[in-house]
Each structure stands twice: as C-alpha cells, then as structure tokens.
Amino acid sequence: MNSSPKRCANEVSLLPYDLIFKILLLLPAKDILKLTLVCKTWRTLISSPNFIESHTTRCEKVLTFLKQFSESRPNTFDINTNNNNQFTLFDPNPPKKQKLQIYLMEFNFKHQNATITDPNISGFREILATCNGLILATNKTGTLLILNPTTRKLLPLKSGTIVQTRDESYGFVFSPKTQQYKAIHVFRDESGHIDTEILSLSTMQWTGCHVPTFGLFRDFTHKPVSTCGVLYWLPGTNNVNYIISMDIDKEKFSRMDLPVTTGMNDRLIENGDLLNFVAQLTVYRIQIWTLKRAECEEIWVKKCTINMDYDITGLIPVFMTKNGRFLVFKKWREAVYEYDMEEEEMGKVVIDGDRNFNYRMAFTHLNTLVSWSNSTPLW
C-alpha cells in the first residue's frame, strides 16, 4: 500500500540536514530548481550561497550556442519581453519570424556521444561570454544582459561604448577576492587605439581603466578565457608568441610569452582554475601546456603530448573536462571529437544520432543555480 503524501513529507523531514544537502548536490540544476517547491526547508537550503557554490563545483561543462528557428513555439521564454527578472514569465504568442534560440550540448564521455538540449529561450543576437553558469549576451535590439538559462533570471545592463566597426571583445569574470562579477569591454576606437571599460554588477556603472599598450592586440578574433579572476586573450589568429592577461582586481593588462608560437587552430582553455594552451605542432602532434602559478612568477609546464598516426589537422580545442581526462575538439563545422588522455584515444562524438555540429561559435557553460548576487533569490 502506498504511503500518503503527508507521511512521505514527514519521513523526508526526519532525514539529517547534511544528508539532504549531499543528496541534492547529486542532482542536475534543472531538477533541483523544481524541488524548491517541496517545502520551505528545502527552498532555504537550495537558495543558500553555500549550497549553490557546492553544487557549482560539481557541475560538468557543456557547450552552449545559438541557432535559428522559424516555427511558432508556445511558452517560449523571450529575453526581449521578459526583462523584469521574473522566473515564470513566458511569451504566449511568439512571432513567427526567425529568432536565435539558445541550445546546450551535454556530453556522455567515454561513450563518445552527446545530446543537444533545448532550454526554450529565444530572442538572442549574440552570446558574448560565459562565467559560472551566467551568460553575457545581447538581445535582438542589441541590449546587453546577464542570463542564467537554468533559472531564467535575467538582468539588463547599461550599454557601454558603441563600436560601429564591431572591432571589440567582451569578457565576463568573477573575482574570488571581492566576490563580484564584472563585464569587461575592450574595443578599438575611431582613431585606431585600444580602449577599455569595466562594469561591476554591484554598481551597474561602466568605468574606464588601464589601457593596453599600442599594438598589444592585433585583432579580437579569439574570445578571452577567464580563470581565478584573470582574463586571458590570444591577441591574434596566427604566429603569435605571447598572450595578454588582465587581473580583474588590479584592472591592468600584462603580456606573457607562450611556450611555442601559435598556429591557426591553437587555443587557450581553462581547467581546474588553471590556464592551458593547446598547440598543434605537426599534422600528427598536439601539445598541451599548463600555466602554473608560483609565489613570484608564472611558468608554462608541459602537461602532455597527443601523438596520432593519422592527420589531425583542423582539430580546434574547445574545452577540457574538470577532471582533466577528456579534451573536446571541434573540426571546423563538421564534427566534434574527444580525446581520452588516460587511454590515449581519439574518437568522433555522435551527436543526436550523428548529426553534424554545424554552428559558428560555441561557448563552454555550466548548468548552475548561480546568480549575479548572493543576496538575489532563485525565483
């Protein structure tokens, strides 16, 4: 005979708080969010900064990207009309013209397959950067905003300097020291000089800061990578022998030499709060270097070398799993590959029944419950 709901609720309430905490940590963010309706105790636990931080550290990386859709879809969350931070607002009658909608690619490593999921959120123009499950993006009118696709909370931001040439780069970073999120805008002005401005989500104001030396940035093709409150850029697309960094607290740019000169497909990636440089040396060999922090300096240490007996030209590194075992590559717009560093094997990832990964730009993302302020509730 089934237990009554009242009896089940009483039995759950008898579980130790620490045990409930640990059980909930095992669940994906989208399921945890539903459990805030179980009772006030769970709601308080799930919305606590301690739980959100603990859950975020367990989240594995996914890829997020934009894709057009044209069909009329009911109950679509449109970021152009839902800008008042309400969790349950939807556009009941979305227009039938084409929109850019966000999608997520979740990986099942070792089995070499991935699934594309649809959060049903539309109205994007561009994704600019991601950090801890938050996305810095623009809507179709060009308005800057911060969005958590899991909680569907969004925060419109004031626009910074408008760059007509689009010769610019946005970064989004969390400072462990100040516990604040900041957006960074680096752009080339009409005179050809590089300028910089920063927006702190605590003040919601753009302010000027230290400007990089002339010629330090060649172009803004590569998106910056953030780790431990520092942003890193590859300043050009090819034949670059240094990287640019910006400490978000000091708000100053600096230059650091790379261990090898870059090629077209070389990239910076983050893993375990460490910066990694993935470089293709020959058509058969890829090297991975890690930037280690000592007391007074930072040095590049060779992490591993990938040697294959066939041509691997065209593989572009995308991200590394948190445990450092798997490295994900994209081959132009054709396919996704994963390399197992323990087994030293490369394999093609089957995506939704071997569907090609044909999207121009993808960002690493975490499905978290994070908000831009620890005092901001989830709902």
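Criteria and thresholds
- Residues numbered from 1 in each chain as written.
- Predicted model: local features only at pLDDT ≥ 70, side-chain atom pairs only at ≥ 80, totals over all residues.
- Heavy atoms only, no water.
- Helix = DSSP H or I, 4+ residues; strand = E, 2+ residues; numbered from the N terminus.
- Buried < 20%, exposed > 50% of the residue type's maximum accessible area, 1.4 Å probe, protein only.
- Contact = heavy atoms within 4.5 Å.
- Areas by Shrake-Rupley, 256 points an atom, 1.4 Å probe, with all protein chains shown as cover.
- Axes fitted to C-alpha atoms, helices over the stretch in contact; angles between N-to-C directions.
- Parallel < 35°, antiparallel > 145°, perpendicular 65-115°, else oblique.
- Left-handed = near helix turned anticlockwise from the far one by under 90°.
- Nonpolar A, V, L, I, M, F, W, Y, C, P; charged D, E, K, R; others polar.
- pLDDT = per-residue confidence, 0-100.
- Pairing = 2+ DSSP bridges.
- Core = buried A, V, L, I, M, F, W, Y, C linked by side-chain atoms within 4.5 Å.
- Patch = residues over 30% accessible without salt bridge, like charges linked within 9 Å, V, L, I, M, F, W, Y side chains within 5 Å.
- Salt bridge = Lys/Arg side-chain N within 4 Å of Asp/Glu carboxyl O.

- As annotated in an unreviewed UniProt entry, the protein chain carries the name F-box domain-containing protein and is attributed to Lactuca virosa.

### Thoughts on the overall build of the protein chain
Thinking step 1. Helix and strand counts for the protein chain come out as five helices and 27 strands.
Thinking step 2. When burial is assessed residue by residue, the protein chain has 49% of its 379 residues classed as buried.
Thinking step 3. Looking at the protein chain alone, contacts between residues at least 24 apart form 53% of all its contacts between residues at least 6 apart.
Thinking step 4. A total of about 18800 Å² of accessible surface is found on the protein chain, and carbon and sulfur atoms cover 50% of it.

### Some details on the packing of helix α2 (residues 17-25) against helix α5 (residues 49-58)
Thinking step 1. Between α2 and α5, whose axes approach to 10 Å, the crossing angle comes to 40°. Looking at the two axes, α2 sits oblique to α5. Helix-helix and strand crossings are classified by hand; for α2 and α5 the assignment is right-handed. Together, Phe21, Leu24 and Leu25 of α2 and Asn50, Phe51, Ser54, His55 and Arg58 of α5 make up the contact between the two elements.
Thinking step 2. The residue makeup of the contact of α2 with α5, split by class, is four nonpolar, three polar and one charged.

### Thoughts on the confidence of the model for the protein chain
Thinking step 1. A residue-level look at the protein chain finds 86% of positions with pLDDT of 70 or above and a mean pLDDT of 85.
Thinking step 2. Long-range and interchain partners of residues 3-9, a stretch whose pLDDT sits below 50, account for one contact in this model, where long-range means more than four residues apart.
Thinking step 3. For the stretch residues 84-95, pLDDT sits under 50, and the model shows 29 contacts to residues farther than four places along the chain or on other chains.

### Side note on unusual backbone geometry
Thinking step 1. In this model, Gln112 sits at a positive phi of 55°, which is unusual for a non-glycine residue.
Thinking step 2. Mapping Gln112 onto the fold places it in the loop between β3 (99-108) and β4 (113-117).
Thinking step 3. With phi around 60°, Gln179 is a residue other than glycine that occupies positive phi space.
Thinking step 4. Relative to the elements of secondary structure, Gln179 occurs in the loop between β10 (168-175) and β11 (180-188).
Thinking step 5. In this structure Gln179 comes out as partly exposed when scored by relative accessible area, which is 44%.

### Remarks on the pairing of β3
Thinking step 1. Most of β3 is tucked away: seven of the ten residues are buried.
Thinking step 2. Strand direction decides the pairing type here: strand β1 (residues 62-69) and β3, joined by seven bridges, are antiparallel. Residue pairing for β3: Thr64 is matched across the bridge by Leu104.
Thinking step 3. Relative to β4, β3 runs antiparallel, the two being bridged by five bridges. Bridge assignment links Phe107 to a residue of β4, and that residue is Ala114.
Thinking step 4. As consecutive antiparallel partners, β3 and β4 are separated by four residues, and within that stretch Lys110 has a phi angle of approximately 80°, a positive value.

### Some words on the nonpolar core
Thinking step 1. Phe51, Leu136, Ile146 and Phe172 are the most contacted members of the largest nonpolar core, which totals 32 residues.
Thinking step 2. At four residues, α2 tops the list of elements feeding residues into this core.
Thinking step 3. Listed in part, the 17 residues of the second largest apolar core include Leu231, Tyr242, Ile244 and Met246.

### Digging into the sheet that holds strand β7 (residues 134-139)
Sheet strands pair via backbone hydrogen bonds, and the direction of the pair is either parallel or antiparallel.
Thinking step 1. In spatial order, the strands read β6-β7-β8-β9; together these four strands make up an open sheet with antiparallel pairing. Of all strands in the sheet, those bounded by a partner on one side alone are β6 (124-131) and β9 (153-156). On average, each strand axis in the sheet is inclined to that of its neighbour by 25°, with strand direction left out of account.

### Looking at a nonpolar patch on the surface
Thinking step 1. Judged by side-chain polarity, Leu15, Leu19 and Ile23 come together as a nonpolar surface patch covering roughly 230 Å² of accessible area.
Thinking step 2. Within the secondary structure, Ile23 is located in helix α2.

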